[in-house]
Amino acid sequence: MGRKLLTEHINVEGINTFDVYRKHGGYRSVEKALKTMTPDEVTEEVKKSGLRGRGGAGFPAGMKWGFLAKPEGVPRYLVCNADESEPGTFKDRQLMTKLPHLLIEGMITGSYALGARTSYIYIRGELLYVLRILEKAIAEAYAAGFLGENILGSGYSLDLHVHPGGGAYICGEETALLESLEGKRGNPRNKPPFPAVQGLYARPTVVNNVETIAAVPIIVNEGGDEYAKIGVGKSTGTKLISACGHLNKPGIYEIELGLPVEEFIYSDEYCGGIWKGRDLKAVVAGGSSVPILPKELILKTAAGENRLMTYESLSDGGFVTGTMLGSGGFIAMDETTCIVKNTWNFSRFYHHESCGQCSPCREGTGWMEKVLHRLEHGHGSMHDIDLLVSVAKQIEGNTICPLGEAAAWPVAAAVRHFRHEFEWHVTSPKEATVPGAAYRGAAV
Ligand code: NAD
Ligand code: SF4
């Protein structure tokens, strides 16, 4: 049984209220940090913990905090990215709904470490009911003296606001989020400068995901070294995984990083295997922005090693940069799934959500959607398959923000691993014109 750090008390009756949360050890990290530690000491513990960004990129959180510019007399901000919108990802919503005070505690301790006096939680517009939960919890924290002027008599003061987005996926990209928070259209900015130097209102800003900030109280209470003992190599601690698709037990699981993927899919402690006694065909392990992997490659790496739920093990051998653990949106597809239809579906999403600033993304996502629609509906040609790869390549590296690559890589990976299925949609038009008809052969 893996350790539960974030979700230990998640099922306690009333844990969303200040009193019950406090009875279960809540807000200890604020007391410890404000009364016995300097801000730099808190940052040092986060560095030692090896905690990596849980939003998807896996960037070391302590290092990001260390990058924060600290010119005297200039305000700086901590902004929580709660704009969870990645298809397949629904873990932050659960954390905020059930444990709002854990996030607030992390925001206070984190803001203290960074020297922020005003901080924000930017929440996805569709989650207005969660915004209400957070607002209520924030009011409780103010009433108990954990927010506002001179917190616990320490001399440190903090105001915390929740701000809803308007429902655009792109506002989860950190610089688009900051634009939106400033009241402008949520268009991503060029980086550098990174937000750590020039963020909200052009001031130094750290943007962290909900789950990242929620891990801070645990790290401060237990110590960074203790936290780092969990996991494998540079993938330390626990991670929330939202598992969906063709699984016997879809849901949200807190796992210790390093768990074998096979155990996660098939053991009764987690997903309990593939539904209806069917075989697994493919998995998107970290939300729709990461490439798809066929069964053979999700269970074992190309070198034949067991694939682990870590940032390093879930990589695609250099085919894409970054990790496929992503945001932890684990989508399992059984043997009846049509990969072409699935790829077309994701592609529609990215075309719809592209902000339109860069031509390769604006035009390329549209082209990919059109070509995939043709193939899925039995009107495609062999040339179309190569055209998809060519368009994906022209997007890669040529856009302002990662949405372009998030749209391109999954298409290129689907063709790479399931080319035979795309070809079957061309050569068997009669069956393939039934949208969703799936090739039943093995992946290569
Ligand atoms: P990124 O790799 O560009 O940046 C990661 C973080 O590190 C950013 O905060 C960035 O500012 C910081 N950083 C990197 N280099 C830095 C430097 N030199 N100095 C200071 N700061 C630096 O990735 P990203 O745009 O933050 O995230 C992309 C990922 O987001 C995708 O891989 C995808 O998995 C994920 N995603 C998640 C969701 C969701 O709903 N959770 C939605 C869409 C995408
Ligand atoms: Fe907008 Fe796409 Fe360019 Fe990102 S890559 S800035 S979403 S057009």
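Cut-offs applied
- Residues numbered from 1 in each chain as written.
- Chains lettered and ligands numbered in written order.
- Predicted model: local features only at pLDDT ≥ 70, side-chain atom pairs only at ≥ 80, totals over all residues.
- Heavy atoms only, no water.
- Near = heavy atom within 4 Å.
- Nonpolar A, V, L, I, M, F, W, Y, C, P; charged D, E, K, R; others polar.
- Polar contact = N/O pair within 3.5 Å; in protein donor to acceptor, adjacent residues only side chain to side chain.
- Areas by Shrake-Rupley, 256 points an atom, 1.4 Å probe, with all protein chains shown as cover.
- Patch = residues over 30% accessible without salt bridge, like charges linked within 9 Å, V, L, I, M, F, W, Y side chains within 5 Å.
- Salt bridge = Lys/Arg side-chain N within 4 Å of Asp/Glu carboxyl O.
- Helix = DSSP H or I, 4+ residues; strand = E, 2+ residues; numbered from the N terminus.
- Buried < 20%, exposed > 50% of the residue type's maximum accessible area, 1.4 Å probe, protein only.
- Phe/Tyr/Trp six-rings, centres within 6.5 Å; stacked < 30°, edge-to-face > 60°.
- Lys NZ or Arg CZ within 6 Å of the ring centre and 35° of its normal.
- Pairing = 2+ DSSP bridges.
- Core = buried A, V, L, I, M, F, W, Y, C linked by side-chain atoms within 4.5 Å.
- Contact = heavy atoms within 4.5 Å.
- Expected span 1.5 Å × (residues − 1).
- Axes fitted to C-alpha atoms, helices over the stretch in contact; angles between N-to-C directions.
- Parallel < 35°, antiparallel > 145°, perpendicular 65-115°, else oblique.
- Left-handed = near helix turned anticlockwise from the far one by under 90°.
- Arc of directions from axis to C-beta.

## Considering the site of ligand 2
Stage number 1. The environment of ligand 2 is formed by 13 residues, the closest being Cys355, Gln357, Cys358, Cys361 and Cys401.
Stage number 2. When its residues are assigned to classes, the shell around ligand 2 shows eight nonpolar, five polar and no charged.

## A closer look at the site of ligand 1
Stage number 1. What surrounds ligand 1 is a group of 16 residues, the closest being Gly55, Lys64, Ser85, Glu86 and Glu174.
Stage number 2. Taking Gly55, its main chain carries an N or O atom lying 3.1 Å from a nitrogen atom of ligand 1.
Stage number 3. One of the side-chain N or O atoms of Lys64 is found 2.7 Å from an oxygen atom in ligand 1.
Stage number 4. Starting from 850 Å² of accessible surface for ligand 1 in isolation, the protein chains cover 72%.
Stage number 5. Here the shell around ligand 1 is composed, by residue class, of seven nonpolar, four polar and five charged.

## Examining a nonpolar patch on the surface
Stage number 1. A grouping of Phe59, Met63 and Phe67 is seen on the molecular surface, where their side chains present a nonpolar patch of about 300 Å² in accessible area.
Stage number 2. The residue Met63 is located in helix α4 (residues 61-67) in this model.
Stage number 3. Residue class for Met63 comes out partly exposed when judged on its relative accessible area of 42%.

## Quick word on the packing of aromatic side chains
Stage number 1. Scanning the model with the defined rule gives 15 aromatic pairs in all.
Stage number 2. Seen in terms of ring centroids, Tyr253 and Tyr270 are 5.8 Å apart; in terms of plane orientation they differ by 75 degrees. Their pairing is edge-to-face. One end of the pair, Tyr253, is in strand β8 (residues 251-256); the other, Tyr270, is in the loop between α11 (261-266) and β9 (280-284), with 17 residues separating them in the sequence.
Stage number 3. For Tyr253, a relative accessible area of 13% translates into the label buried.
Stage number 4. An aromatic cluster is present here, built from Phe18, Tyr21, Tyr27 and Phe146 joined pairwise through their rings.
Stage number 5. A cation over a ring is seen here: Arg348 above Trp344, with NZ or CZ 4.7 Å from the ring centre.
Stage number 6. Taking NZ or CZ as reference, Lys370 lies 5.5 Å from the ring centre of Trp367, over its face.

## With respect to the sheet that holds strand β11 (residues 329-334)
Stage number 1. Across the sheet, five strands lie side by side as β8-β7-β11-β9-β10; this open sheet has mixed pairing. Looking at the sheet topology across the chains shown, the edges are occupied by β8 and β10 (293-294).
Stage number 2. Alignment of β9 against β10, held across two bridges, turns out to be antiparallel. When the sheet's bridge partners are listed, Val283 is paired in β10 with Leu293.

## Section: the nonpolar core
Stage number 1. Counting residues in each nonpolar core, the largest one holds 77 residues, and the members touching the most others are Phe264, Phe330 and Phe422.
Stage number 2. Among the elements that take part in this core, helix α16 (residues 403-427) stands out by supplying 12 residues, more than any other.
Stage number 3. Not counting residues within four places of it along the chain, the set of residues in contact with Phe422 comprises Ile339, Val340, Thr343, Leu372, Leu375, Ile385, Leu388, Ala414 and Val415.
Stage number 4. Counting 60 residues, the second largest nonpolar core, distinct from the first, contains Val30, Leu68, Val206 and Ile230.

## Concerning the environment of Tyr120
Stage number 1. Relative to the helices and strands, Tyr120 resides in strand β2 (residues 118-123).
Stage number 2. As for Tyr120 and Thr238, which are separated by 118 residues in sequence, their C-alpha atoms are 25 Å apart.
Stage number 3. Discounting chain neighbours no more than four positions away, the residues touching Tyr120 are Tyr77, Leu78, Val79, Cys80, Met107, Leu160, His161, Leu181, Leu200 and Tyr201.

## What to know about helix α15 (residues 382-395)
Stage number 1. In this model α15 runs 21 Å from its N-terminal to its C-terminal C-alpha over 14 residues, within 8% of the 20 Å that 1.5 Å per residue would give.
Stage number 2. A positive backbone phi angle near 80 degrees is found at Gly397, which sits one or two residues after α15.

## Some details on the packing of helix α13 (residues 339-353) against α16
Stage number 1. At a minimum axis separation of 9 Å, α13 and α16 run at an interaxial angle of 160 degrees. Of the possible angle classes, the one that applies to α13 and α16 is roughly antiparallel. Helix-helix and strand crossings are classified by hand; for α13 and α16 the assignment is left-handed. Contacts between α13 and α16 involve Ile339, Val340, Thr343, Tyr350 and Glu353 on the former and, on the latter, Leu403, Ala406, Ala407, Val411, Ala414, Phe418, Glu421, Phe422 and His425.
Stage number 2. Across the contact of α13 with α16, the residue classes tally to 10 nonpolar, two polar and two charged.

## A closer look at helix α3 (residues 39-49)
Owing to its 3.6 residues per turn, the α-helix brings residues three or four apart onto one side.
Stage number 1. For α3, the set of buried residues is Val42, Thr43, Glu45, Val46 and Ser49. End-on, the buried residues of α3 take up no more than an arc of 155 degrees, which puts them together on one face.
Stage number 2. Positioned one or two residues after α3, Gly50 has a phi angle of 75 degrees, which is positive.

## Here's the deal with unusual backbone geometry
Stage number 1. Following Lys191, the chain continues into Pro192 via a peptide bond in cis, with omega recorded as -5 degrees.
Stage number 2. Residue placement: Pro192 occurs in the loop between α8 (174-181) and β4 (205-209).
Stage number 3. Within the chain, Lys276 stands out as a residue other than glycine whose phi angle is a positive 55 degrees.
Stage number 4. With respect to the element layout, Lys276 can be found in the loop between α11 and β9.

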